[in-house]
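What follows is the residue order along each chain.
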Amino acid sequence: MLNQMNVRGLLFDPYNNAYIVILRDEQNSDMLPIWVGKSEASAISFALERIAPPRPMTHDLMKTVLDSMDAKIISIVLTDLKENTYFAKIHLLYGDSEFSIDSRPSDAIAVALRAEAPIFATAEVLHKQSSEELERWLENLKPEDFGKFET
Amino acid sequence: MPSPTDLDHLIPLKVHGVLVDPNTDTQIVVLRDEKNSEVLPIWVGTAEGTSIRLALEEVIPPRPMSHDLIYSFGEHLGFMITHVTITEVKNNTYYATIHISKNGIEKSIDSRPSDAIALALRTKGQIYVTPDVLERRGGENLDAWLAKLDPKSFGQSEAEA
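Not measured: the values here are computed from a predicted model.

Caption draft 1: The overall build of chain B, seen in detail. The secondary structure content of chain B amounts to 7 helices and 7 strands. Start at the N end of chain B and walk to the C end: the helices and strands fall as α-β-β-β-α-α-β-β-β-α-β-α-α-α. For chain B, with 161 residues in total, the buried portion stands at 40%. For chain B, the proportion of contacts with a sequence separation of at least 24, taken over those separated by at least 6, is 55%.

Caption draft 2: Summary view of the overall build of chain A. Helix and strand counts for chain A stand at 5 helices and 7 strands. Traced from its N-terminal end to its C-terminal end, chain A shows the element sequence β-β-β-α-α-β-β-β-α-β-α-α. Across the 151 residues of chain A, 42% fall into the buried class. Long-range contacts, defined as pairs at least 24 residues apart, comprise 51% of the intrachain contacts of chain A with a sequence gap of at least 6.

Caption draft 3: Layout of the interface of chain B and chain A. Listed as interface residues are 20 residues of chain B and, on the opposing side, 21 residues of chain A. When contributions to the side of chain B that touches chain A are tallied by element, the ones reaching two or more residues are helix 3 (66–77), strand 5 (93–102) and strand 6 (105–111) of chain B. Here the side of chain B that touches chain A is built from residues that sort into 8 nonpolar, 6 polar and 6 charged.

Caption draft 4: Main features of the nonpolar core. Core analysis: the largest hydrophobic core is formed by 86 residues, its most contacted members being A:V21, A:I76, A:I109, A:A112, B:V29 and B:I117. No other element matches helix 3 (residues 105–115) of chain A, which puts 7 residues into this core. Discounting chain neighbours no more than four positions away, the residues touching A:V21 are A:V7, A:L10, A:I34, A:V36, A:I44 and A:I109.

Caption draft 5: Examining the sheet that holds strand 4 (residues 80–90) of chain B more closely. All names here are of chain B. Strands sit in the order 3-2-1-7-4-5-6 across an open sheet of 7 strands; the sheet is mixed. Of all the strands in the sheet, just strand 3 (39–45) and strand 6 have a single pairing partner and so form its edges. The sheet shows a mean angle of 35 degrees between the axes of neighbouring strands, direction not considered. Bridge analysis of strand 1 (residues 11–21) against strand 2 (residues 26–33) gives 8 bridges, and the strand direction is antiparallel. What sits directly across from D21, in strand 2, is T26.

Caption draft 6: The environment of B:T85, seen in detail. Residues and elements named next belong to chain B. Secondary-structure assignment places T85 in strand 4. Judged by local crowding, T85 falls into the buried class, with 27 C-beta atoms found within 10 Å. Distance in space between the C-alpha atoms of T85 and L19 is 21 Å, their sequence separation being 66 residues. If we ignore the near neighbours within four places in the chain, the residues touching T85 are L10, A96, T97, Y128 and T130.

Caption draft 7: Inspection of unusual backbone geometry at higher detail. Within the chain, B:E58 stands out as a residue other than glycine whose phi angle is a positive 50 degrees. Inspection of the secondary structure assignment puts B:E58 in the loop between helix 2 (46–56) and helix 3.

Caption draft 8: Seen up close, the sheet that holds strand 1 (residues 2–13) of chain A. Residue and element names in this part refer to chain A. Overall, mixed pairing links the 7 strands, which are arranged 3-2-1-7-4-5-6 in an open sheet. Pairing within the sheet leaves two strands with one partner each, and these edge strands are strand 3 (31–36) and strand 6 (97–103). If you compare each strand with its neighbour and ignore which way they point, the axes differ by 35 degrees on average. Pairing geometry for strand 1 and strand 2 (residues 18–25), over 8 bridges, is antiparallel.

Parameters and conventions
- Residues numbered from 1 in each chain as written.
- Chains lettered and ligands numbered in written order.
- Predicted model: local features only at pLDDT ≥ 70, side-chain atom pairs only at ≥ 80, totals over all residues.
- Helix = DSSP H or I, 4+ residues; strand = E, 2+ residues; numbered from the N terminus.
- Buried ≥ 20, exposed ≤ 12 C-beta atoms within 10 Å, placed from the backbone.
- Contact = placed C-beta atoms within 7 Å.
- Nonpolar A, V, L, I, M, F, W, Y, C, P; charged D, E, K, R; others polar.
- Core = buried A, V, L, I, M, F, W, Y, C linked by C-beta atoms within 7 Å.
- Pairing = 2+ DSSP bridges.
- Axes fitted to C-alpha atoms, helices over the stretch in contact; angles between N-to-C directions.

Next comes the structure, spelled out in structure tokens:
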């Protein structure tokens, strides 16, 4: 069972000096927070804001490499959560074959946004992540902690 | 795609090491030619510098980094990165081209040198520079600059080189 997710924004986590990508399902009932590094957050924010950088960033290159091979991203799926680490798969269509490639969620999301490919999460991942924990954490946030990409 | 004759006038380079510039949020990839007579320093971001360093040290991270993922695309789809070329420098920005090949079909992809180098190290592809870029690099005083750097700012891969 897969749930389609939308990237709702990026938050800065000042306590861990990291960024959080906020994903929500279509009904806005489930939320998935994913902690990512600074450069991955910046790759995701460029895509969200539709900023075209003067030189191709790593995920722009990733998409160009796939385009040049005529490979298409069908979807990305957040498949598992183990010891606070999320796992993702990038599903590619190449010729008549499909390929699933192991990825960090940050890379998968950054390239999916560029390819306008849908993002899914398995029911298991949504079940495993405790959004209660995030809500508690969000309550402690001050407004100035929110970055400009928060929606 | 350069023909073999085009490759002839290109200069092959090796990654000599990655330095951390302690004053800025950047790292410096030091490339040298095979005779060790030419040095080409390229300033890169922290993420790209780290990715190049991991490849140099042949560290396999627990989860694939962005360049490992591009490499993995190649393994699954059956294309190869044959070589990368640093082609141009304009206003202190270096330009590179990644050459990929699949069943004899060659493609050239515009790239930042940092991504090109990080990928070339993973695919064991050769790194080239055009003679023009080497001539125009602003590095006449590089040796003096390198000598002034604190040895501690040299990464491990530099010490091993």
